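# Geometric and topological summary
Each chain, letter by letter, is given below.
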Amino acid sequence: MTVYVVIGEKENVFQDEIGGPFVAHPDKEIVKVFSDGENARKFVADNKLSEGKRERYGDTCYYRNGYYDMLIESWEVE
């Protein structure tokens, strides 16, 4: 059986040391898992913002919940 995993990418900008520069710490997290590839693609398309939104700290996000990119990976599961 093939499952489709939607992965969201975030910037997570913060200071490593107090008073230091703000540094991006890219992070990926699982957003949702689907058993149908078409539903996964529809989910990604439905979560795309009509225009990018500048985050206070970090890059511009193009998807809901602060994600600047979403990927779909397929995995075989027994």
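Residues numbered from 1 in each chain as written. Predicted model: local features only at pLDDT ≥ 70, side-chain atom pairs only at ≥ 80, totals over all residues. Heavy atoms only, no water.

Glancing now at the pattern of salt bridges. Applying the stated criterion across every chain, the model contains three salt bridges. In this structure, the salt-bridge partner of K28 is E9, at a minimum N-O distance of 3.9 Å. Here the residue K28 occupies a position in strand 4 (residues 27-34), and E9 occupies one in strand 1 (residues 2-10), the gap between them amounting to 19 residues. For K28, a relative accessible area of 53% gives the class exposed. Across the salt bridge formed by D46 and K42, the nearest N and O atoms sit 2.9 Å from each other. Taken together, the positions of D46 and K42, both in helix 1 (residues 37-46) and four residues apart, correspond to about one turn of that helix. Using a relative accessible area of 41% as the deciding quantity, one classes D46 as partly exposed. (Salt bridge = Lys/Arg side-chain N within 4 Å of Asp/Glu carboxyl O. Helix = DSSP H or I, 4+ residues; strand = E, 2+ residues; numbered from the N terminus. Buried < 20%, exposed > 50% of the residue type's maximum accessible area, 1.4 Å probe, protein only.)

This paragraph deals with the nonpolar core. One finds V6, F34, A40, F43, V44, Y63, Y67 and M70 forming the largest nonpolar core, which totals eight residues. The element best represented in this core is helix 1, accounting for three residues. Not counting the four nearest positions on each side in its chain, V44 is found in contact with V6, Y63, M70 and I72. (Core = buried A, V, L, I, M, F, W, Y, C linked by side-chain atoms within 4.5 Å. Contact = heavy atoms within 4.5 Å.)

This next bit is on the pairing of strand 1. Direction of pairing for strand 1 relative to strand 7 (residues 69-76): antiparallel, over a ladder of eight bridges. Residue pairing for strand 7: T2 is matched across the bridge by E76. Relative to strand 4, strand 1 is paired through seven bridges, and the arrangement is antiparallel. Of the residues in strand 4, the one forming a bridge with G8 is E29. (Pairing = 2+ DSSP bridges.)

With that settled, the discussion passes to helix 1. Among all positions in helix 1, only G37, A40, F43 and V44 are buried. All buried residues of helix 1 fall inside an arc of 120° around its axis, so they share one side. Looking at the buried side of helix 1, the elements it contacts are strand 1, strand 4, strand 5 (48-54), strand 6 (60-63) and strand 7. (Arc of directions from axis to C-beta.)

Take the confidence of the model for the protein next. Residues of the protein with pLDDT of at least 70 account for 97%, and the chain-wide mean is 89. Confidence scores differ between elements of the protein, with strand 2 (residues 13-15) showing the lowest mean pLDDT of 78 and helix 1 the highest of 96. (pLDDT = per-residue confidence, 0-100.)

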